[in-house]
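Summary of the model geometry
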Number of protein chains: 2
Amino acid sequence: MKLDKDLNILIVGLGLIGGSYAMGLHKKGYNVAAIDVNENSIKYALENNIIDKGSAKIDDSLISSADLVVFALYPHVFLDWIKNNQHLFKSGAVITDVTGVKSCIVYEIQNTLRSDLEFIAAHPMAGKEVYGIENADDTIFKEANYIVVPTDTNTFSAIEMCKAIGETLGFARISSLPPKAHDEMIGFVSQLTHCIAICLMTCSKSEHLVDYTGDSFRDLTRIARINENMWSELFLLNKDALLAQMKTFITEFNGFYEILENEDIEKMKEKMIKSTARRALFDK
Amino acid sequence: MKLDKDLNILIVGLGLIGGSYAMGLHKKGYNVAAIDVNENSIKYALENNIIDKGSAKIDDSLISSADLVVFALYPHVFLDWIKNNQHLFKSGAVITDVTGVKSCIVYEIQNTLRSDLEFIAAHPMAGKEVYGIENADDTIFKEANYIVVPTDTNTFSAIEMCKAIGETLGFARISSLPPKAHDEMIGFVSQLTHCIAICLMTCSKSEHLVDYTGDSFRDLTRIARINENMWSELFLLNKDALLAQMKTFITEFNGFYEILENEDIEKMKEKMIKSTARRALFDK
């Protein structure tokens, strides 16, 4: 199956990411329907021409006519939804998602799913500090990474179709990683950084610091504004990988503490030279 | 003394900050001279109309005609400069600086200085990841904080003049803190964040991660590109305050590690709700 304009695409979950997917795909001329438990979200998306059709209920005809289904739900809700409603899918439908952790969900979905359906996981590494369809914005994909997360059982055509979604939405970089490697990477570049930002905000009473915060502190704490329901779930689902990354960071940070305590200026400079060289690679 | 246009202002040290001061003050119509050991920096500043006069030597007439002298040197170079050359200052001249740490330098300068001169410390919390007069840019002050750091011995008129420099340069917020409180605050909002950024870049081989870094990791590591000579000196000069802030952060981060290890989702959400509320204050 190719990502053609005559396909029926169904988005399940019209939050910030689901809504931004719908917006981007609809703008490019695809048929986009959506299901969300929140009636107002569906109403908003219809009124603002983000989707063609929508329902706040488990709508048999929307589901059974979909060729491609994108799930943008919390992980445990996603799994329940599949268990309860997968009998409604059209045979041969391709199913993908936007979940931020993979090992804990991908295999369970693939093992649960009817054998005439295929689940191919994806992770759009995009977001905002605000939520809901009202903040949907398909330009958030422009500078972002899109990762296809195939397992050994996925077919070539489903993987290619999943990549095509990322291309259509205009992601800057599209790549592919198996679930375990994905979760290791995400534990480091995304979850560890969120833990640090949270701890920076909670470790010290900061109300009186508002007047003094320069760019550095603002940059390091921007992501401390966090949806506690979503992120606590994501952290727990990736617990082992995240704990390992936190431990690596703590060890390094304690080492830096010692360097300063010992006034070992040469070692300190070495660290700074290394961090500068590595960070410079990101700005190329 | 007031910050009038007929004053002669001398900038000592034409790096990024000294150069940006010169640029901003000169644009506003002040007489700006500069001294820098690097002949090319003086040449560049003259050719680009950043200063009126300049010298790469200890120029007696430039120094003795200055009413206001701004030092934009590394702390230990600043102190040596004062010891060696203060006999050249005009009686009644006001001296200020841009040094990022204060307790370790302010009292020593004040105690060293001739009694007919006054040193009033300031900290412009602005910067870039690039250096030198070639990158001078007075717009970096627009969103930034300017902190006057008076001691008990400073006069009202010098404090007001020092504030006026910040106003003239167009800083967004101007405030005042005594040296110890300043160093505590800077240990937290600036130095601790730089330590974290450095450790994020050095704790894990990141070359292969370049393709996957989203905004979060980029934000948290932007300041990991760091001038190792300047920052290692600043860290050592503020060692006690910085170690205290690092310890506070380590304790909080270890606590978060435990929360995740114990899967205590309620405590985790509490932390996230707190970090979100505190960070939201910055965006008002």
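Per chain, the residues get numbers from 1 upward, laid out in the order the sequence is written. Whichever chain is written first becomes A and whichever ligand is written first becomes 1, with later ones labelled in order. Side-chain atom pairs in this predicted model are given and counted only at pLDDT of 80 or more, local residue features only at pLDDT of at least 70, and totals for whole chains, interfaces and linings cover all residues.

With that settled, consider the packing of helix α4 (residues 75–85) of chain A against helix α5 (residues 103–112) of chain A. All names here are of chain A. The N-to-C vectors of α4 and α5 enclose an angle of 5 degrees; their axes lie 10 Å apart at closest approach. The orientation of α4 relative to α5 falls into the category roughly parallel. Here P75, F78, L79, I82 and K83 of α4 come into contact with α5, specifically with I105, E108, I109 and T112. Amino acids are sorted into nonpolar (Ala, Val, Leu, Ile, Met, Phe, Trp, Tyr, Cys and Pro), charged (Asp, Glu, Lys and Arg) and polar (every other residue, Gly among them). The residue makeup of the contact of α4 with α5, split by class, is 6 nonpolar, 1 polar and 2 charged. Helix axes are fitted only over the stretch in contact, all axes being lines through C-alpha atoms; the angle between N-to-C directions runs from 0 to 180 degrees. Helix and strand assignments come from DSSP, with helices taken as H or I runs of at least 4 residues and strands as E runs of at least 2, each series counted from the N terminus. Roughly parallel means an angle under 35 degrees; roughly antiparallel means over 145; roughly perpendicular covers 65 to 115; every other angle is labelled oblique. Note on contacts: each residue gets a C-beta atom placed from the backbone, and two residues are in contact if those atoms are within 7 Å.

Residues and elements named next belong to chain A. Spatially, β3-β2-β1-β4-β5-β6 is the arrangement adopted by the 6 strands of the open sheet, whose pairing is parallel. Single-partner strands in this sheet number two, and they are β3 (53–55) and β6 (118–119). Whether two strands pair depends on DSSP finding at least two bridges between them. Across 4 bridges, the pairing between strand β1 (residues 8–12) and strand β4 (residues 68–71) is parallel. Residue pairing across strands places V12 opposite F71, the latter belonging to β4.

With that settled, the discussion passes to the packing of helix α9 (residues 228–237) of chain A against helix α11 (residues 265–282) of chain B. The geometry of α9 of chain A relative to α11 of chain B is characterised by a closest axis approach of 9 Å and an angle of 130 degrees between their N-to-C directions. Considered as vectors, α9 of chain A and α11 of chain B are oriented oblique to each other. In this structure, α9 of chain A meets α11 of chain B at a crossing whose hand is right-handed. The residues of α11 of chain B that touch α9 of chain A, namely those facing E228, W231, S232, F235 and L236 of chain A, are I265, M268, K269, M272 and I273 of chain B. Counted by class, the contact of α9 of chain A with α11 of chain B contains 7 nonpolar, 1 polar and 2 charged residues. In this scheme the crossing of two helices becomes right-handed for a clockwise turn of the near helix relative to the far one and left-handed for an anticlockwise turn of less than a right angle.

Copies are brought into register by a least-squares superposition over C-alpha atoms of residues with pLDDT of at least 70 in both. When chain B is fitted to chain A, the residual RMSD is 0.0 Å, and the transformation amounts to a turn of 180 degrees plus an axial shift of 0.0 Å. Taken together, these values place the two copies in the relation of a two-fold axis. Closest approach to the rotation axis among the C-alpha atoms of chain B is made by L220 of chain B, whose C-alpha sits 2.4 Å away. Most of the interface of chain B is mirrored in chain A, where 100% of its interface residues are also at the interface.

Let us now look at the pairing of strand β1 (residues 8–12) of chain B. Residues and elements named next belong to chain B. To sort residues by exposure, count the other C-beta atoms lying within 10 Å of each residue's C-beta; 20 or more gives buried, 12 or fewer gives exposed, and values between give partly exposed, all with C-beta atoms placed from the backbone. Here β1 lies mainly inside the structure; 4 of its 5 residues are buried. When β1 meets strand β2 (residues 31–35), the two strands line up parallel, connected through 5 bridges. Considered in β2, the bridge of I11 is made with A34. Orient the strands so they point away from the viewer, and a crossover whose first-strand-to-second-strand path over the helix runs clockwise is right-handed. In this view, the connection linking β1 to its parallel neighbour β2 by way of helix α1 (residues 16–27) has right-handed handedness.

Spatial relationships are all this shows, so hold off on functional conclusions.
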